[in-house]
Amino acid sequence: MTMRLRIGAAGLAMAVTLLAVSTAGSASEAQTIRAALAKVLPDAKPTSVQPTPIKGLFQVEIGPQVMYMTGDGRYLIDGAIVDLETRENLAEKAQNEARQRAVEAMGEDEMIVFEAPNAKHEITVFTDIDCGYCRKLHHQMDGYAAEGISVRYLFYPRTGVDTPSYDKAVAVWCADDQQAAMTEAKNGNRVDSQACNNPVQRHMELGELMGIRGTPAIVLENGQLVPGFVEPKRLVQVLEQ
């Protein structure tokens, strides 16, 4: 049985998956779950396996993805888990938290940051130099700054590695003045710079794990993923809800 793990904001590519595996009765439930995943999803390396408030159901994190599995390692569940007393979607909250941890693990030293002078909020944006709405977002940078929103950029050239969009992202990263280079590139101008070690592929891998399909893709402070361009005044309302 061959399966490819594909992590995304909308959840796994599979909605409900039966994992038909045999497990050692003496193993703990967490070990059983890890063993079950290793058999059907060998590329999946759980970073956390924790019990949920539901008896026999465990929350499994793999990077920015959250899934749920039964303690016997047989059933994998993707979807909403709602506490009907509090009306809270436990799965959505866990997914946001996992996504935010993954973004923070990337670190600002691997981002291009446009910091607001009196920052109250910060967003992380997966961007493509050649994306029209990404350019529209960038042209509103003064508006975000005026609303106290710092913008942290990660690259996600949608055309993939070794394409013109990818090369532009690398050129911007390797420029002496990354912010100025980003603005030049977003204005459609050529950016010349020397080749250097860069995190563009790591950005793309993280975006792929999050299931990003379009740009801009905005990750809020709480880890919520907002697809598309949001103008500054509307975005600050979302952030302050």
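Just so it is clear, the structure is predicted and the values come from calculations on it, not from any experiment.

## As for helix H2 (residues 90–106)
Inference 1: Helix length check: H2 (17 residues) gives 25 Å between terminal C-alpha atoms against 24 Å at 1.5 Å per residue, within 8%.
Inference 2: Those residues of H2 not exposed but buried are Ala91, Ala94, Gln95, Asn96, Ala98, Arg99, Gln100, Ala102, Val103 and Met106.
Inference 3: Two or three places before Ala91, at the start of H2, stands the capping residue Asn89, its side-chain oxygen 3.1 Å from that residue's backbone nitrogen.
Inference 4: Phi turns positive one or two residues past the end of H2, at Gly107, with a value near 85°.

## A few points about the sheet that holds strand S10 (residues 149–155)
Inference 1: As summarised here, the arrangement of the 5 strands in space is S8-S10-S9-S11-S12, forming an open sheet in which the pairing is mixed. Only two strands of the sheet have a single neighbouring strand rather than two, namely strand S8 (112–114) and strand S12 (225–227). Strand-to-strand twist of the sheet, defined as the mean angle between neighbouring strand axes without regard to direction, takes the value 25°.
Inference 2: Relative to S10, helix H7 (residues 200–209) is tilted by about 100°, and along the sheet it contacts strand S9 (121–127) and S10.

## Some words on the state of the cysteines
Inference 1: Within the structure shown, the criterion is met by 1 disulfide.
Inference 2: Paired by a disulfide, Cys174 and Cys196 hold their sulfur atoms 2.0 Å apart. Disulfide Cys174 to Cys196: torsion about the S-S bond roughly -90°, handedness left-handed. Of this pair, Cys174 sits in helix H5 (residues 164–174) while Cys196 sits in the loop between helix H6 (178–186) and H7, and the two are 22 residues apart along the sequence.
Inference 3: Looking at Cys174, the relative accessible area reads 13%, which means it is buried.

## Description of the nonpolar core
It is characteristic of soluble globular proteins that their nonpolar side chains tend to be buried jointly.
Inference 1: Of all hydrophobic cores here, the largest spans 46 residues; its most connected members are Ile123, Phe126, Tyr153, Phe155 and Val172.
Inference 2: Here Tyr153 is in contact with Met111, Ile112, Phe114, Val125, Thr127, Leu137, His138, Met141, Met182, Lys186 and His203, once residues within four sequence places are set aside.
Inference 3: Counting 13 residues, the second-largest nonpolar core is a separate cluster that includes Leu41, Phe58, Met69 and Leu76.

## Some thoughts on unusual backbone geometry
Glycine aside, negative phi is the norm for most residues, and most peptide bonds take the trans geometry.
Inference 1: Cis geometry marks the peptide bond from Thr215 to Pro216, where omega comes out at -5°.
Inference 2: Note that Pro216 resides in the loop between H7 and strand S11 (217–219).
Inference 3: One non-glycine residue, Asp162, lies in positive phi territory at about 60°.

## Regarding the packing of aromatic side chains
Inference 1: Under the criterion given, the structure shown has 2 aromatic pairs.
Inference 2: Summarising the aromatic geometry, the rings of Phe114 and Tyr153 are spaced 5.8 Å apart at their centres and angled 85° between planes, so their arrangement reads as edge-to-face. Highlighted residues: Phe114 in strand S8 and Tyr153 in strand S10, separated in sequence by 39 residues.
Inference 3: Overall, the relative accessible area of 12% leaves Phe114 in the buried class.
Inference 4: Relative to Tyr156, the ring of Phe126 has its centre 6.4 Å away and its plane inclined at 90°; by these criteria the two rings are edge-to-face. Taken together, the positions of Phe126 in strand S9 and Tyr156 in the loop between S10 and H5 put the pair 30 residues apart, joining distant regions of the chain.
Inference 5: Overall, the relative accessible area of 8% leaves Tyr156 in the buried class.

## Points about the side chain of Glu147
Inference 1: Along the chain, Glu147 falls in the loop between helix H4 (141–146) and S10.
Inference 2: By relative accessible area, which is 16% here, Glu147 ends up buried.
Inference 3: Reaching out from Glu147, the side chain makes a polar contact with the side chain of Lys233 at a distance of 3.0 Å.
Inference 4: Not counting residues within four places of it along the chain, the set of residues in contact with Glu147 comprises Lys120, Pro232, Lys233 and Val236.

## Notes on the packing of H2 against H7
Inference 1: It is the contact of H2 with H7, at a shortest axis distance of 11 Å, that shows an interaxial angle of 175°. Taken as axis vectors, H2 and H7 run roughly antiparallel relative to one another. Within the contact between the two elements, H2 uses Ala102, Val103 and Met106 and H7 uses Arg202, His203 and Leu206.
Inference 2: Broken down by class, the residue content of the contact of H2 with H7 amounts to 4 nonpolar, 1 polar and 1 charged.

## Section: the pairing of S9
Inference 1: Of all 7 residues in S9, 6 are buried; the element is thus mostly enclosed.
Inference 2: Relative to S10, S9 runs parallel, the two being bridged by 7 bridges. The residue bridging Phe126 from the neighbouring strand is Leu154, located in S10.
Inference 3: As paired elements, S9 and S11 share 3 bridges and run antiparallel to each other. Opposite Val125, over in S11, you have Ile218 as the bridge partner.

Conventions and cut-offs
Residues numbered from 1 in each chain as written. Predicted model: local features only at pLDDT ≥ 70, side-chain atom pairs only at ≥ 80, totals over all residues. Heavy atoms only, no water. Helix = DSSP H or I, 4+ residues; strand = E, 2+ residues; numbered from the N terminus. Expected span 1.5 Å × (residues − 1). Buried < 20%, exposed > 50% of the residue type's maximum accessible area, 1.4 Å probe, protein only. Polar contact = N/O pair within 3.5 Å; in protein donor to acceptor, adjacent residues only side chain to side chain. Pairing = 2+ DSSP bridges. Axes fitted to C-alpha atoms, helices over the stretch in contact; angles between N-to-C directions. Contact = heavy atoms within 4.5 Å. Disulfide = S-S within 2.5 Å. Core = buried A, V, L, I, M, F, W, Y, C linked by side-chain atoms within 4.5 Å. Phe/Tyr/Trp six-rings, centres within 6.5 Å; stacked < 30°, edge-to-face > 60°. Parallel < 35°, antiparallel > 145°, perpendicular 65-115°, else oblique. Nonpolar A, V, L, I, M, F, W, Y, C, P; charged D, E, K, R; others polar.

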